[in-house]
Amino acid sequence: RRTNKRDELMGKVYLTGAGPGDIELMTLKSLRLIKEADVIVYDRLANPEILKEAKDGCKFVYVGKEDSHHILPQEEINEVIYQNALKYDSVVRLKGGDPFVFGRGGEEGIYLKERSIKFEFIPGITSAIAVPEYAGIPVTHRGVTVSFRVVTGHEATNKNKSQIPWENYKTDDTIVFLMGFHRLDKITQKLIEIGKPKDHPIAVISQGTTPNEKTVVGTLENIYEKAKDLPTPALIVVGEVVRLR
Ligand code: SAH
């Protein structure tokens, strides 16, 4: 074990992404770190099979969150990671997808930095791109759209202080909403309000990249009725690229 200036035992934290679901969409680097880890601090993962790769005796700490429903507040998650880093050589903080895409990886990094704990970020394949891709929807396509944006749907109904700048979404960017499925009706309503046609293409993809994947394609007007009962996790893709499926 390494020691710090105060001669305390200290490990290193790897903030890594498990990918979107299919275990083969995890990076080789994440897999190696999971195999070597003394502790794995993990979220609700699209594929818990990944944890079977850990070595015997590895400690598992679940700090999962389900959409906006945090089982532990972020501050406590930060502290759990920190405390484990004081005790163990190799701490893996495992998140779904990529740690920086609505994964709060940055906040955890800052917390560790302030406490002089060594850490490293390991990118993961984000569901924002991979889930539409497995469903046959490209987030960009030559001649169809030149850009895409990834948005949290979480703020969509904070009535007066929605952080989503809806007026900016009048462009024909592909829009991928994460954490927005439970607000699907509000999101489609807003997009129609800012002037998108009612028959504008939209898809909802549930449990993407897993054997249970379900994709429902529709229009802003009818998608809610068609897709509302799908199981989570689910994401929403809006734009002409949906027609390429
Ligand atoms: N850091 C993650 C995203 C965290 S936000 C990443 O990079 O993928 C969690 C949201 O991601 C969910 O609410 C859902 O909208 C989306 N999501 C994650 N995995 C998914 C999957 N397998 N299928 C569909 N949506 C998924």
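Residues numbered from 1 in each chain as written. Predicted model: local features only at pLDDT ≥ 70, side-chain atom pairs only at ≥ 80, totals over all residues. Heavy atoms only, no water.

With respect to the overall build of the protein
Stage number 1. Counting its regular elements, the protein contains 6 helices and 14 strands.
Stage number 2. Over its C-alpha trace the protein gives a radius of gyration of 20 Å, about what one expects of a compact globule, namely 18 Å for 245 residues.
Stage number 3. A total of 245 residues make up the protein; the buried ones form 50% of that total.
Stage number 4. Of the roughly 12400 Å² of accessible surface on the protein, a fraction of 50% belongs to carbon and sulfur atoms.
Stage number 5. The distance from the centre of the 35 positive side-chain charges to the centre of the 34 negative ones in the protein is 2 Å. (Helix = DSSP H or I, 4+ residues; strand = E, 2+ residues; numbered from the N terminus. Rg over C-alpha atoms; globule rule 2.2 N^0.38 Å. Buried < 20%, exposed > 50% of the residue type's maximum accessible area, 1.4 Å probe, protein only. Areas by Shrake-Rupley, 256 points an atom, 1.4 Å probe, with all protein chains shown as cover. Lys, Arg positive; Asp, Glu negative; His and termini not counted. Charge placed at Lys NZ, Arg CZ, Asp CG, Glu CD.)

Comments concerning the sheet that holds strand 14 (residues 234-238)
Stage number 1. Ordered in space as 10-11-14-12-13, the 5 strands form an open sheet in which the pairing is mixed. Of all the strands in the sheet, the pair left with one neighbour each is strand 10 (148-152) and strand 13 (214-219). Between one strand axis and the next, the sheet turns through 20 degrees on average, direction left out of account.
Stage number 2. As paired elements, strand 12 (residues 201-206) and strand 14 share 5 bridges and run antiparallel to each other. (Pairing = 2+ DSSP bridges. Axes fitted to C-alpha atoms, helices over the stretch in contact; angles between N-to-C directions.)

Considering the pattern of salt bridges
Pairing of side chains with opposite charge becomes possible as their charged atoms draw close.
Stage number 1. Using the criterion set out here, one finds 15 salt bridges in the structure.
Stage number 2. Here Arg 93 makes a salt bridge to Asp 43, at a shortest N to O gap of 3.1 Å. In this pair, Arg 93 sits in strand 8 (residues 90-95) while Asp 43 sits in the loop between strand 4 (39-42) and strand 5 (59-62), placing the two residues 50 residues apart along the sequence.
Stage number 3. Using a relative accessible area of 0% as the deciding quantity, one classes Arg 93 as buried.
Stage number 4. Connected through salt bridges with shared partners, the residues Asp 43, Arg 93, Lys 95 and Glu 108 form a single ionic network. (Salt bridge = Lys/Arg side-chain N within 4 Å of Asp/Glu carboxyl O.)

Here we look at the pairing of strand 14
Stage number 1. The element strand 14 is largely enclosed, with a buried count of 5 among its 5 residues.
Stage number 2. Side chains of strand 14 alternate between two faces, with Ala 234, Ile 236 and Val 238 and Leu 235 and Val 237 buried alike.
Stage number 3. Sheet topology places strand 11 (residues 174-178) next to strand 14; 3 bridges connect them, and they run antiparallel. Note on strand 14: the bridge partner recorded for Phe 177 is Ile 236.

Remarks on the sheet that holds strand 3 (residues 12-17)
Stage number 1. Pairing is parallel across the open sheet formed by 5 strands, whose spatial order is 5-4-8-3-9. The open sheet has two edge strands, strand 5 and strand 9 (118-122), and neither has a second partner. Across the sheet, the mean angle separating the axes of adjacent strands is 20 degrees when strand polarity is ignored.
Stage number 2. Across 5 bridges, the pairing between strand 3 and strand 9 is parallel. Within strand 9, the position partnered with Tyr 14 by the bridge is Glu 120.

Regarding the side chain of Asp 43
Stage number 1. The class for Asp 43 is buried, based on a relative accessible area of 8%.
Stage number 2. Here the side chain of Asp 43 touches Arg 93 through a polar contact of 3.1 Å, side chain to side chain. (Polar contact = N/O pair within 3.5 Å; in protein donor to acceptor, adjacent residues only side chain to side chain.)

Some details on the pairing of strand 12
Stage number 1. Most of strand 12 sits out of view: 6 of its 6 residues are buried.
Stage number 2. Going residue by residue along strand 12, you find Pro 201, Ala 203 and Ile 205 tucked away on one face and Ile 202, Val 204 and Ser 206 tucked away on the opposite face as well.
Stage number 3. Here strand 12 pairs with strand 13 via 6 bridges, running antiparallel. Looking at the pairing, Ile 202 lines up with Gly 218 of strand 13.

Thoughts on the environment of Ile 137
Stage number 1. When you line up the elements, Ile 137 lands in the loop between helix 4 (127-134) and strand 10.
Stage number 2. Taking the C-alpha atoms as reference points, Ile 137 and Gln 207, 70 residues apart in sequence, are found 15 Å from one another.
Stage number 3. When sequence neighbours within four positions are dropped, the list of residues in contact with Ile 137 reads Pro 132, Ala 203, Ile 205, Val 237, Val 241, Val 242 and Arg 245. (Contact = heavy atoms within 4.5 Å.)

Quick notes on the nonpolar core
Stage number 1. Core analysis: the largest hydrophobic core is formed by 21 residues, its most contacted members being Phe 177, Leu 191 and Val 204.
Stage number 2. Apart from the residues within four sequence positions on either side, Val 204 is in contact with Phe 181, Leu 184, Lys 214, Thr 215, Val 216, Ile 223, Ala 227, Leu 230, Ala 234, Leu 235 and Ile 236.
Stage number 3. Ranked by size, the runner-up nonpolar core spans 17 residues in total, among them Met 10, Leu 15, Ala 85 and Leu 86. (Core = buried A, V, L, I, M, F, W, Y, C linked by side-chain atoms within 4.5 Å.)

Examining the packing of aromatic side chains
Stage number 1. The tally for this structure, following the rule as stated, stands at 6 aromatic pairs.
Stage number 2. Ring centres of Tyr 82 and Tyr 111 lie 6.3 Å apart, and the angle between their planes is 75 degrees; on these two criteria the pair is classed as edge-to-face. With Tyr 82 in helix 2 (residues 74-87) and Tyr 111 in helix 3 (residues 105-114), the pair connects residues that are 29 residues apart, well separated along the chain. The pair formed by Tyr 82 and Tyr 111 is uniform in burial state, with each residue classed as buried.
Stage number 3. Between the aromatic rings of Trp 166 and Tyr 169, the centroid separation amounts to 5.7 Å while the plane-to-plane angle is 65 degrees, which identifies the pairing as edge-to-face. Comparing Trp 166 with Tyr 169, the two get one shared label, buried.
Stage number 4. Aromatic ring contacts, followed pair by pair, group Phe 100, Phe 119 and Phe 121 into a single cluster.
Stage number 5. Geometry around Tyr 82 places Arg 115 over its ring, the cationic atom sitting 5.8 Å from the centre.
Stage number 6. Residue placement shows Arg 115 over the ring face of Tyr 111; its charged tip is 3.5 Å from the ring centre. (Phe/Tyr/Trp six-rings, centres within 6.5 Å; stacked < 30°, edge-to-face > 60°. Lys NZ or Arg CZ within 6 Å of the ring centre and 35° of its normal.)

Shape is all these values report; function is a separate question.
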